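Structural features, examined
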Amino acid sequence: MSLNPLSVFYSVLDRWQLHPSGYVDILWKCDPQAIRTIGKAGNMDTSTVSLVNINEVNNYFDLLLVADDKLTATVVDNLYQMALKQPAPMRDNCWFNFIAGMTINVALHTWKKVPKPQQSEELFERLVAPNISVECLLEGFNPQYQANLLVGLQAWTYKVVKYKSFTDLRANGHPYFGLSNLGVVRRSSYKLMREALLGNSTEGEIGLNLSVCKVFNIYLDRSKLSTDKLELNHWQDILDVVRSIDSSLNVDRLQFIVDRVGNLIRSYSNLIIEPSDDVSRFITLDSENILPEIDRSASILSELFDLIDRFISSLPAESVQIIQLRHCQQLKHKDIAAIVPRDQPYISRHLGKIYLKLLDSIHVQISHPDDRQKQKNSLALKAIEELLAQYFRQR
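Computed from a predicted structure; not experimentally measured.

**Description of the overall build of the chain**
When its secondary structure is counted, the chain shows 19 helices and 2 strands. When burial is assessed residue by residue, the chain has 46% of its 395 residues classed as buried. Carbon together with sulfur atoms contributes 50% to the accessible area of the chain, which is approximately 20600 Å² in total.

Here's what the structure looks like:
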């Protein structure tokens, strides 16, 4: 699809191809009827353009939009008003194309969160199928949402499509898809929390963790806040209640408990690591022989890769992009910074945080064979980098 802002109204999906690496190649074609409608909305003569040649159409609109910086706003406003006046807007090509284009945009971002073993053509086909109608767009969107009509429509549509797509995925085999660990706690029963904590905490810790999570969920019920809207003052309010249970808690410890419980629920529900009494099946990341140990145990490697699948699926889109650029495409930090875009120090710091988070996840889910304290040293982080490199090579 062209980068010009009008292309979303006339570009339609021609075909797509799923590569073994997980990359999806999208090919576009023109909708001639939509181009004529756009021409009418912007008082543009499209009779000299081949309406089936997408490159020619893109170049034509590119030139016009560069010459008139107000043309986009004029066309979008007129297309919107024209659709409102139609007795059957469901047949409006331009806005149907707009919804389909935004759906593909959401699908491509969502796809990055899907663990590779779960990726399939059938799943992507579901993701790219529009799940909202033109009527829903026209009736649900408030023009006062944003001063720039196109920006507002894109933001609103992206949000609605993403919500519906994630809801569909959660209802069909991916119960925690797109949720943070806090979101997992928010959606889980106390029975499930207890089951996930058993074997990972002492009885006293289980009681404390369940109490903390109960207060956390009650607060969200009363405040009507979503987990992504929680700020420091909200955590402080929760802490004021929780301190009646354990006066030694602080905000950091409170956040850690809820995040850990969510992580354990996610792991328990997906049975990533099977229980075993054979300590030879477990490894330690602070051993000098970690990489040879990983190489010698195919079963351990497979379990680690399953764990990494789930870990990557829980990361924000930017983090997934950064880790894929680093370990899948093997780019240097400065090259990643140019793509994201961020500065190079940010990329380095962000990767370090990802490695530490993955290290914590492995420590939680794979017991140390002799119960020694888990270490976070340069050797352990180097092992994580090597593990990710091997993961992307074999996925």
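**Brief notes about the pattern of salt bridges**
All chains considered together, the criterion is met by 5 salt bridges. Across the salt bridge formed by D221 and R186, the nearest N and O atoms sit 2.5 Å from each other. Linking D221 in helix α11 (residues 203–223) with R186 in helix α9 (residues 181–186), this pair joins segments that are 35 residues apart in sequence. For D221, a relative accessible area of 41% translates into the label partly exposed. What makes R186 partly exposed here is its relative accessible area of 27%. Across the salt bridge formed by E318 and R342, the nearest N and O atoms sit 2.9 Å from each other. With E318 in helix α16 (residues 317–327) and R342 in the loop between α17 (333–339) and α18 (344–365), this residue pair connects regions lying 24 residues apart in the sequence.

**A few points about unusual backbone geometry**
With an omega dihedral of -10°, the bond running from V340 to P341 counts as a cis peptide bond. Of note, P341 is situated in the loop between α17 and α18. Positive phi is not limited to glycine here, since N43 has a value of about 55°. Counting through the fold element by element, N43 comes out in the loop between α2 (32–41) and α3 (54–67). When its relative accessible area of 75% is taken as the criterion, N43 is described as exposed. Its identity as a non-glycine residue notwithstanding, K224 has a phi of 60°, on the positive side.

**Description of the nonpolar core**
By size, the foremost hydrophobic cluster in this structure holds 55 residues, and its most contacted members are L6, F9, I38, F61, W95, F98 and L153. Element by element, the count of residues in this core is highest for helix α5 (residues 93–111), at 9 residues. Ignoring sequence-local partners within four residues, the contact set of I38 consists of L6, F9, Y10, M44, F61, V75, L79 and C94. Grouped together as the second largest cluster of nonpolar side chains are 31 residues, L192, I206, V212 and I257 included.

**Some thoughts on the packing of α2 against helix α4 (residues 71–85)**
One way to put it is that α2 packs onto α4 with a least axis distance of 8 Å and a crossing angle of 110°. Relative to α4, the element α2 is oriented roughly perpendicular. Between α2 and α4, the contacting residues are T37, I38, K40 and A41 on the first element and T74, V75, N78, L79 and M82 on the second. Classifying every residue of the contact of α2 with α4 gives 5 nonpolar, 3 polar and 1 charged.

**What to know about the confidence of the model for the chain**
Confidence in the prediction for the chain averages 82 pLDDT; 88% of positions are at 70 or higher. Looking at the elements of the chain, mean pLDDT is at its lowest for helix α14 (residues 290–296), recorded as 39, and at its highest for α2, recorded as 95. With pLDDT under 50 throughout, residues 271–297 is counted as low confidence; its partners more than four residues away or in other chains account for 51 contacts. Taken as a whole, residues 368–374 scores under 50 in pLDDT and shows 9 contacts with residues more than four places along the chain or in a different chain.

**What about α3?**
With 14 residues, α3 ought to run about 20 Å at 1.5 Å a step, and its terminal C-alpha atoms sit 20 Å apart, in line with that. Listing the buried residues of α3 in full gives I54, V57, N58, Y60, F61 and L65. End-on view of α3: buried residues confined to an arc of 160°, all on one side of the axis. For α3, exposure combined with an orientation more than 90 degrees from the buried face picks out N55, L63, V66 and A67. In this structure, the buried side of α3 is in contact with α1 (7–10), β1 (11–18), β2 (24–30), α2 and α4. A side-chain oxygen of the first residue of α3 lies 3.2 Å from the backbone nitrogen of N55; this N-cap is N53.

**So, the pairing of β1**
Sheet analysis places β1 next to β2, joined by 7 bridges and oriented antiparallel. Along β2, the bridge assignment pairs W16 with I26. Here β1 folds back onto β2, and the loop between the two strands holds 5 residues, one of which, G22, carries a positive phi near 100°.

**Focus: helix α12 (residues 232–242)**
Within the sequence span of α12, burial applies to H234, W235, I238, L239 and V242. For α12, the buried positions fall inside an angular range of 140° around the axis, keeping them on one side.

**Focus: the side chain of R266**
As for its placement among the helices and strands, R266 is situated in helix α13 (residues 251–270). Comment: no salt bridge for buried R266; closest opposite-charge side chain is D259, at 7.5 Å. Of the polar contacts made by the side chain of R266, one reaches the backbone oxygen of L179; its length is 2.8 Å. At 3.2 Å, the side chain of R266 and the side chain of N181 are in polar contact. Apart from residues no more than four positions distant in its own chain, R266 is found in contact with Y176, L179, S180, N181, V184, R310 and S314.

**Observations concerning the packing of aromatic side chains**
The tally for this structure, following the rule as stated, stands at 12 aromatic pairs. Centre to centre, the rings of W95 and F98 are 5.2 Å apart; their planes meet at 70°, and the pair counts as edge-to-face. Taken together, the positions of W95 and F98, both in helix α5 and 3 residues apart, correspond to about one turn of that helix. Comparing W95 with F98 shows no difference in burial state: the two are buried. Connected via pairs of aromatic rings, a cluster forms that spans F9, Y80, W95, F98, F141 and W156.

Cut-offs and rules
Residues numbered from 1 in each chain as written. Predicted model: local features only at pLDDT ≥ 70, side-chain atom pairs only at ≥ 80, totals over all residues. Heavy atoms only, no water. Helix = DSSP H or I, 4+ residues; strand = E, 2+ residues; numbered from the N terminus. Buried < 20%, exposed > 50% of the residue type's maximum accessible area, 1.4 Å probe, protein only. Areas by Shrake-Rupley, 256 points an atom, 1.4 Å probe, with all protein chains shown as cover. Salt bridge = Lys/Arg side-chain N within 4 Å of Asp/Glu carboxyl O. Core = buried A, V, L, I, M, F, W, Y, C linked by side-chain atoms within 4.5 Å. Contact = heavy atoms within 4.5 Å. Axes fitted to C-alpha atoms, helices over the stretch in contact; angles between N-to-C directions. Parallel < 35°, antiparallel > 145°, perpendicular 65-115°, else oblique. Nonpolar A, V, L, I, M, F, W, Y, C, P; charged D, E, K, R; others polar. pLDDT = per-residue confidence, 0-100. Expected span 1.5 Å × (residues − 1). Arc of directions from axis to C-beta. Polar contact = N/O pair within 3.5 Å; in protein donor to acceptor, adjacent residues only side chain to side chain. Pairing = 2+ DSSP bridges. Lys, Arg positive; Asp, Glu negative; His and termini not counted. Phe/Tyr/Trp six-rings, centres within 6.5 Å; stacked < 30°, edge-to-face > 60°.

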